[in-house]
Amino acid sequence: MFKAVISAETLRDAVEAVSSLVDEVKFTLSENGVELKAVDPANVAMVSFRLNSEAFEYFKATPGEIGVDLVRLADVLSMADRGENVTLELDEENHKLKIGVNSLSYTLSLIDPSAIRKEPRVPELDLPAHVILPGAHLRKAVRAAEKVSDHVVLGVTDDPEDQFYMEAKGDIDSLKLKMPGAELLGLKPGKARSLFSLDYLADMSKAIGKAQEVKLEMGVDYPLRISFKLGQGVEINYLLAPRIEQE
Amino acid sequence: MFKAVISAETLRDAVEAVSSLVDEVKFTLSENGVELKAVDPANVAMVSFRLNSEAFEYFKATPGEIGVDLVRLADVLSMADRGENVTLELDEENHKLKIGVNSLSYTLSLIDPSAIRKEPRVPELDLPAHVILPGAHLRKAVRAAEKVSDHVVLGVTDDPEDQFYMEAKGDIDSLKLKMPGAELLGLKPGKARSLFSLDYLADMSKAIGKAQEVKLEMGVDYPLRISFKLGQGVEINYLLAPRIEQE
Amino acid sequence: MFKAVISAETLRDAVEAVSSLVDEVKFTLSENGVELKAVDPANVAMVSFRLNSEAFEYFKATPGEIGVDLVRLADVLSMADRGENVTLELDEENHKLKIGVNSLSYTLSLIDPSAIRKEPRVPELDLPAHVILPGAHLRKAVRAAEKVSDHVVLGVTDDPEDQFYMEAKGDIDSLKLKMPGAELLGLKPGKARSLFSLDYLADMSKAIGKAQEVKLEMGVDYPLRISFKLGQGVEINYLLAPRIEQE
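None of these values were measured; they are calculated from a predicted model.

About the criteria used
- Residues numbered from 1 in each chain as written.
- Chains lettered and ligands numbered in written order.
- Predicted model: local features only at pLDDT ≥ 70, side-chain atom pairs only at ≥ 80, totals over all residues.
- Heavy atoms only, no water.
- Pairing = 2+ DSSP bridges.
- Helix = DSSP H or I, 4+ residues; strand = E, 2+ residues; numbered from the N terminus.
- Axes fitted to C-alpha atoms, helices over the stretch in contact; angles between N-to-C directions.
- Phe/Tyr/Trp six-rings, centres within 6.5 Å; stacked < 30°, edge-to-face > 60°.
- Buried < 20%, exposed > 50% of the residue type's maximum accessible area, 1.4 Å probe, protein only.
- Least-squares fit on C-alpha atoms with pLDDT ≥ 70 in both.
- Domains from an automatic or database assignment.
- Contact = heavy atoms within 4.5 Å.
- Buried area = accessible area lost by both parts, 1.4 Å probe.
- Salt bridge = Lys/Arg side-chain N within 4 Å of Asp/Glu carboxyl O.
- Polar contact = N/O pair within 3.5 Å; in protein donor to acceptor, adjacent residues only side chain to side chain.
- Patch = residues over 30% accessible without salt bridge, like charges linked within 9 Å, V, L, I, M, F, W, Y side chains within 5 Å.
- Areas by Shrake-Rupley, 256 points an atom, 1.4 Å probe, with all protein chains shown as cover.
- Lys, Arg positive; Asp, Glu negative; His and termini not counted.
- Charge placed at Lys NZ, Arg CZ, Asp CG, Glu CD.
- pLDDT = per-residue confidence, 0-100.
- Nonpolar A, V, L, I, M, F, W, Y, C, P; charged D, E, K, R; others polar.
- UniProt positions renumbered as here; feature names shortened; annotations may be inferred.
- Parallel < 35°, antiparallel > 145°, perpendicular 65-115°, else oblique.
- Left-handed = near helix turned anticlockwise from the far one by under 90°.

Here's the deal with the sheet that holds strand 16 (residues 214–218) of chain A
Residues and elements named next belong to chain A.
- Pairing is antiparallel across the open sheet formed by nine strands, whose spatial order is 6-2-3-4-18-17-16-10-14. Each of the sheet's edge strands pairs with one partner strand only, and the pair in question is strand 6 (64–69) and strand 14 (186–188). Each strand of the sheet is rotated relative to its neighbour by a mean of 15 degrees, with strand direction disregarded.
- Taken together, the seven bridges between strand 4 (residues 45–52) and strand 18 (residues 234–240) define a ladder with antiparallel strand orientation. Counterpart to Arg-50 in the pairing with strand 18 is Glu-235.

As structure tokens, then:
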């Protein structure tokens, strides 16, 4: 049993944060909200999100799992205007999700959850350093780095003038972002320097750009954990595997 | 003889309402305004429009016919800014239409009216039911239906909660729009349920979306007549043949 | 030695005015500012610009030459937001240009100036007539002419009602722009009528459209000189060769 009402924009933002990496996902329903964990087809990035019941105008659910094609869900949500709510209602017998937007009601066929790739085990990582910065700032730096390269190094230093840095080296040109400690919203200093694929960061940065603040947890040649909130009760986490740096 | 001044936007809207279905048309000029009737190449949709003289800032014409390539006319009109007027003047000797926009003057070659497909006879139809709703509302529903299917059923029921409905069934998902009688701007109840091609409705809905109110006249497996006004003195009518419903 | 700070928008506009015609250019640095002269690959159009030191927030340079790929420079400048300044600093030893935008710093590899096509000699031309008009007006007329033809005739007459004209004749339709003397911002009457390629005028007209006023100097079957300013201290000149008119 699942019935909920939520702002179309909130749901759209949450869905987009996932659909940039995975198409078909399994939502886990409980009394407390909706959760999801998924890996991208190439096993490089992991995404998990949690829509707490407080993110909804109305929320009622019994524990269960539903398989959803996010591309089609995003397509339906794109029909809602800014400020509109959508109504979600599970039709368990027919394996359908009814989505109401205004006087329109969509019937979305669900996917058998057993046909969807198994949920990944989220690894326990002890990431020694972190920085917190505005999402829009990170997005802009990622887009700038894309101009010169396919990869980017993220790192943390002891130098207060250069506390967090991002470096992209192309064949011809290069880019460096330096953020002094004073410009960061939060900082846990420590040794950190790892190389990442800009393709993945670019896919993630659309959602990241909407977050007031985003936390980046890093280590040396270690995965990057990106966590942020989108409005009240929507938590998104990405985990991105490092690439091997060739020097 | 034909000379007229009209708001570029009014003429552009009227031309777009037709050019989504037909490229080359024959305008019939009279003292009272400009008229047109045309069918699309596949004989599925018919469009007629009437620009009454009151739609013009200035209008003077003697009876006659001119053949126009609407794509080129629309292209010229796209150069006018919002709020600008265009001047139209027929050069009968050279078979040209002079179009003035500001200090620019275009000379558009006319098409021999005898080379244009004959005007259709508009069939006399006794459509038992009708609804009136805001144009923007219909446009939105058509765009929503396109997300799931190529065809759509439009119908009228006796149920006040579901007075006018639209149903699109795709291979996987489906959509239903229900409009209670209270939300309609006008209603003539009666038996009506017919299937239509969404391609055509989508082509028409761009112009429909600009109308404050649009009237849909329907029957059972019968054509759909759509009529609306765009501003003062511009009347547009579409007639769309039904498709056979396979169940 | 070269170090300068300039509004990103000013530099972007100046670079775009050139990059629509040439990709790789040689900037000449002096105490007074930055200069450039270049011809397009087909030798039809010439562009020269001058960024006087007063166009900069800060400017310090010793005489020299640097070779720049304008496509990559424009790409970097596109990352700056409206109202932001960029810092330019030459790293002579490594043949790099450092471009700072906010906390981002790009390192752009320079091109060996000797590998760039030699600067053209700007011909001395005695153009008998000129008109001055708003840049946006010329841009609009060029875009309108593109709807009907690939070429356009520009000319000046003695008739005050038709002082400056532009004519485009297509296979089917034609366009005429007539500007009465009273609508021009400046005029030097004289014999002038020449045919030009619309492709080139269209490439130039994006920058021209941003200028408050643009001066067109013309003759009979003679090149067209277009000169305008973009803000304080930015001067742009185009010289466009005429095409032979076939009648």
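What to know about the packing of aromatic side chains
Residues and elements named next belong to chain C.
- In total, this model carries 12 aromatic pairs over all chains according to the counting rule given.
- When the centroid spacing of 5.9 Å and the interplanar angle of 35 degrees are considered together, the rings of Phe-27 and Phe-49 count as tilted. Here Phe-27 is found in strand 2 (residues 24–30), whereas its partner Phe-49 is found in strand 4 (residues 45–52), with 22 residues between them in sequence.
- Centre to centre, the rings of Phe-228 and Tyr-238 are 5.9 Å apart; their planes meet at 45 degrees, and the pair counts as tilted. Taken together, the residues Phe-228 in strand 17 (residues 224–229) and Tyr-238 in strand 18 (residues 234–240) connect sequence positions 10 residues apart. Grouping residues by exposure puts Phe-228 and Tyr-238 together as buried.

A word on the relation of the copies chain A and chain B
- It takes a turn of 120 degrees to lay chain A on chain B, together with a shift of 0.1 Å along the axis; the resulting RMSD is 0.0 Å. Read as a symmetry element, the transformation amounts to a three-fold axis. Judged by C-alpha distance, Arg82(A) is the residue of chain A that lies nearest the rotation axis, at 15 Å.

Focus: the domain arrangement of chain A
All names here are of chain A.
- Taken as a whole, chain A is organised into domain 1 (2–114) and domain 2 (129–225).
- Placing a centre on the C-alpha atoms of domain 1 and another on those of domain 2 gives a separation of 30 Å.
- In this complex, domain 1 contributes nine residues to the contact, which on the side of domain 2 involves six residues.
- Regarding the contact of domain 1 and domain 2, the summed buried area is about 610 Å², with carbon and sulfur atoms giving 60% of it.
- On the domain 1 side of the interface with domain 2, the three residues burying the most area are Glu-16, Ser-20 and Leu-21, jointly 50% of the side's total.
- The interface formed by domain 1 and domain 2 holds three salt bridges in total.
- A salt bridge links Asp-13 to Lys-210, with the shortest nitrogen-to-oxygen separation between them at 3.1 Å.
- Taken together, the connections running from domain 1 to domain 2 amount to four residue pairs in polar contact (both at pLDDT 80 or more).

Here's the deal with the sheet that holds strand 3 (residues 33–39) of chain B
Residue and element names in this part refer to chain B.
- As summarised here, the arrangement of the nine strands in space is 6-2-3-4-18-17-16-10-14, forming an open sheet in which the pairing is antiparallel. Across the chains shown, the open sheet's two edge strands, defined by having one partner strand only, are strand 6 (64–69) and strand 14 (186–188). Here the strands of the sheet are splayed against their neighbours by 15 degrees on average, with no regard to which way each runs.
- Where helix 1 (residues 8–19) meets the sheet, its contacts fall on strand 2 (24–30), strand 3, strand 4 (45–52) and strand 18 (234–240), and the angle it forms with strand 4 comes to roughly 160 degrees.

Considerations on the pairing of strand 8 (residues 96–101) of chain A
All names here are of chain A.
- When strand 7 (residues 85–91) meets strand 8, the two strands line up antiparallel, connected through six bridges. By the bridge assignment for strand 8, Glu-89 is matched with Lys-98.
- Two successive antiparallel strands, strand 7 and strand 8, enclose a turn made up of four residues, where His-95 displays a positive phi of approximately 55 degrees.

Things to note about a negative patch on the surface
All names here are of chain A.
- Together, Glu-146, Asp-150, Asp-171, Asp-199 and Asp-203 give the surface a local cluster of negative charge.
- Relative to the helices and strands, Asp-171 is located in the loop between strand 12 (164–169) and strand 13 (174–179).
- A relative accessible area of 87% means that Asp-171 is categorised as exposed.

Comments concerning the confidence of the model for chain A
- Considering every residue of chain A, the mean pLDDT works out to 94; 99% of them sit at 70 or more.
- Mean pLDDT across the elements of chain A bottoms out in strand 13 of chain A (92) and peaks in strand 16 of chain A (98).

Observations concerning the interface of chain B and chain C
- Across the boundary between the two partners, chain B contributes 15 residues, which contact 14 residues of chain C.
- Across the chain B to chain C interface the summed buried area is about 1300 Å²; carbon plus sulfur atoms make up 50%.
- Interface area lost by chain B to chain C is led by Met79(B), Ser103(B) and Leu104(B), which between them contribute 43%.
- For the pair chain B and chain C, the number of links is four salt bridges.
- Across the pair Asp75(B) and Lys147(C) runs a salt bridge whose closest N-O atoms are separated by 3.1 Å.
- Breaking the side of chain B that touches chain C down by element, the ones donating at least two residues are helix 2 (70–77) and strand 9 (104–109) of chain B.
- The element that contributes the greatest number of residues to the side of chain B that touches chain C is strand 9 of chain B, accounting for six residues.
- For the side of chain B that touches chain C, the class distribution of residues is four nonpolar, six polar and five charged.

A few points about the interface of chain A and chain B
- On the chain B side, the residues contacting the 15 residues of chain A number 14 residues.
- Interface area, chain A with chain B, both sides summed: about 1300 Å², of which 50% is carbon and sulfur.
- The interface formed by chain A and chain B includes four salt bridges.
- Its salt-bridge partner being Lys140(B), residue Glu84(A) comes within 3.5 Å of it at the nearest N-O pair.
- Where chain A meets chain B, there are 11 residue pairs in polar contact (both at pLDDT 80 or more).
- Counting residues per element, the ones that place at least two in the side of chain A that touches chain B are helix 2 (70–77) and strand 9 (104–109) of chain A.
- Residues belonging to the side of chain A that touches chain B are distributed by class as follows: four nonpolar, six polar and five charged.
- The pairing of strand 9 of chain A with strand 13 (residues 174–179) of chain B spans four bridges and is classified as antiparallel. Bridge assignment links Leu104(A) to a residue of strand 13 of chain B, and that residue is Leu177(B).

Some remarks on the UniProt feature "domain: Proliferating cell nuclear antigen PCNA C-terminal" (unreviewed entry) in chain A
- As recorded in UniProt, the sites labelled "domain: Proliferating cell nuclear antigen PCNA C-terminal" (unreviewed entry) are residues 122–242 of chain A.
- Between the first and last C-alpha atoms of residues 122–242 of chain A the distance is 16 Å; the span itself is 19% helix and 41% strand.

Points about the packing of helix 3 (residues 135–146) of chain A against helix 4 (residues 198–208) of chain A
Residue and element names in this part refer to chain A.
- Interhelical geometry of helix 3 versus helix 4 gives an angle of 150 degrees and a closest axis separation of 9 Å. By the angle between their axes, helix 3 is roughly antiparallel relative to helix 4. Relative to helix 4, helix 3 is oriented so that their crossing is left-handed. Touching Gly-135, Ala-136, Leu-138, Arg-139, Val-142, Ala-145 and Glu-146 of helix 3 are Leu-198, Leu-201, Ala-202, Ser-205, Lys-206 and Ile-208, all from helix 4.
- The class makeup of the residues in the contact of helix 3 with helix 4 is eight nonpolar, two polar and three charged.

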